Amino acid sequence: MQLDLNLLAALDALLDEGSVAGAADRLHVTAPAMSRSLGRIRRTTGDQILVRTGRTMTPTPYAIAVREQVHELLQQVQGVLAPSRALDLATLDRTFTLRWHDSLVAHGGPALLAEVRRQAPGVRLRFLAESSVDTPELRRGEVDLEANANRPTQSEIRGELLAETGHVIVVRQGHPLTRVKKVGPERYAEAEHIAISRRGRFDNALDGALAQLGLTRRVVATAPTEATGLEFVRESDLLVTAPESTTRAAAAHLGLVLLPLPLELPSAPVYLSWHQRYDTDPAHAWLRDLARTALTGDVGDRIEAAK
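Parameters and conventions
- Residues numbered from 1 in each chain as written.
- Predicted model: local features only at pLDDT ≥ 70, side-chain atom pairs only at ≥ 80, totals over all residues.
- Heavy atoms only, no water.
- Helix = DSSP H or I, 4+ residues; strand = E, 2+ residues; numbered from the N terminus.
- Rg over C-alpha atoms; globule rule 2.2 N^0.38 Å.
- Buried < 20%, exposed > 50% of the residue type's maximum accessible area, 1.4 Å probe, protein only.
- Contact = heavy atoms within 4.5 Å.
- Areas by Shrake-Rupley, 256 points an atom, 1.4 Å probe, with all protein chains shown as cover.
- Lys, Arg positive; Asp, Glu negative; His and termini not counted.
- Charge placed at Lys NZ, Arg CZ, Asp CG, Glu CD.
- Axes fitted to C-alpha atoms, helices over the stretch in contact; angles between N-to-C directions.
- Parallel < 35°, antiparallel > 145°, perpendicular 65-115°, else oblique.
- Nonpolar A, V, L, I, M, F, W, Y, C, P; charged D, E, K, R; others polar.
- Phe/Tyr/Trp six-rings, centres within 6.5 Å; stacked < 30°, edge-to-face > 60°.
- Lys NZ or Arg CZ within 6 Å of the ring centre and 35° of its normal.

**Student:** Explain the overall build of the chain here, please?
**Tutor:** Within the chain one finds eleven helices and twelve strands. A globule of 307 residues ought to have a C-alpha radius of gyration of about 19 Å, yet the chain, at 32 Å, is considerably larger. Projected onto its principal axes, the C-alpha coordinates of the chain cover approximately 105 × 35 × 25 Å. For the chain, the proportion of its 307 residues judged to be buried stands at 42%. The contacts in the chain between residues at least 6 apart in sequence include a share of 75% that link residues at least 24 apart. Carbon and sulfur atoms provide 50% of the accessible area of the chain, an area that totals close to 16600 Å². Placing the 36 positive and 38 negative side-chain charges of the chain at their respective mean positions leaves the two points 3 Å apart.

Structure below.
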């Protein structure tokens, strides 16, 4: 049987108004059009629905029995086809999964969580560590929001560039490089380096820039996260090269020193990415707004994800 949802709206109006004319006015159609709808409803249900008693029309026992059910069904259909976009943060009960670069979690995560808890106490945030391989969780709906340096390449993934930042050298207090007036490319290349790479790569854009100057650096180890790399630096004469904006606060906390990088490197971008299925989701849009503020707030520009 082919169902016409317009008949459900017509039946609801007829049962509520108790007349063809009243139902026609309510749905902004002509009385003949409503009479035709009543005829179709009668043929579909096998019931008269409304019968004339003098000058008025009276619902049949079947019509009385299904009146509330018809009204509830119509409301459900309208809720599916025209969902409300109102967002009640006080009652919002939802868990969002975020896969962010570790330094972005360190800098933007606490501010984001604090604001989420203030506005929507029923919302929970699940931060996941970045994988050593590219993963499709964003496309599959297993991750709600990503933040890293990767510009999305798939058409269904939205990517918003939030900010960019330059790079600096990070060393411990008393490191030999802190005692020279200016760190040149040669001194920089001669030092022992630790590279930040979630994939365990020893080389990156730095090596290309050094090669153009005829120089090669020595990378003695890799670390999967920026926080781990800084711990290595604090306990040795290793140096690490990292985005300035996220490193500044961590270096101060660990008592490390920032030095200018004597090379020209492209700025490190940070992208906020999500699947297009969430474009019009009010709760997701609310979270995106808070994430933008957290990632571009007091600490300024942001970071390149480790390659």
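Now that the structure is up, let's keep going.
**Student:** Can you help me understand the packing of helix α2 (residues 20–27) against helix α3 (residues 31–45) in this one?
**Tutor:** Two measures define how a pair of helices packs: the angle their axes make with one another and the distance between the axes. Between α2 and α3, whose axes approach to 8 Å, the crossing angle comes to 110°. Of the possible angle classes, the one that applies to α2 and α3 is roughly perpendicular. On α3, the residues touching Val20, Ala23, Ala24 and Leu27 of α2 are Ala31, Met34, Ser35 and Leu38. Here the contact of α2 with α3 is composed, by residue class, of seven nonpolar, one polar and no charged.

**Student:** What should I look at first to understand the packing of aromatic side chains in this one?
**Tutor:** Given two aromatic rings, their pairing is described by the distance between the two centres and the angle made by the two planes. Summed over all chains, the structure comprises one aromatic pair. Sitting over the ring of tyrosine 278, arginine 277 keeps its end group 5.8 Å from the ring centre. It is arginine 288 that lies over the ring of tryptophan 274; its NZ or CZ is 4.5 Å from the centre.

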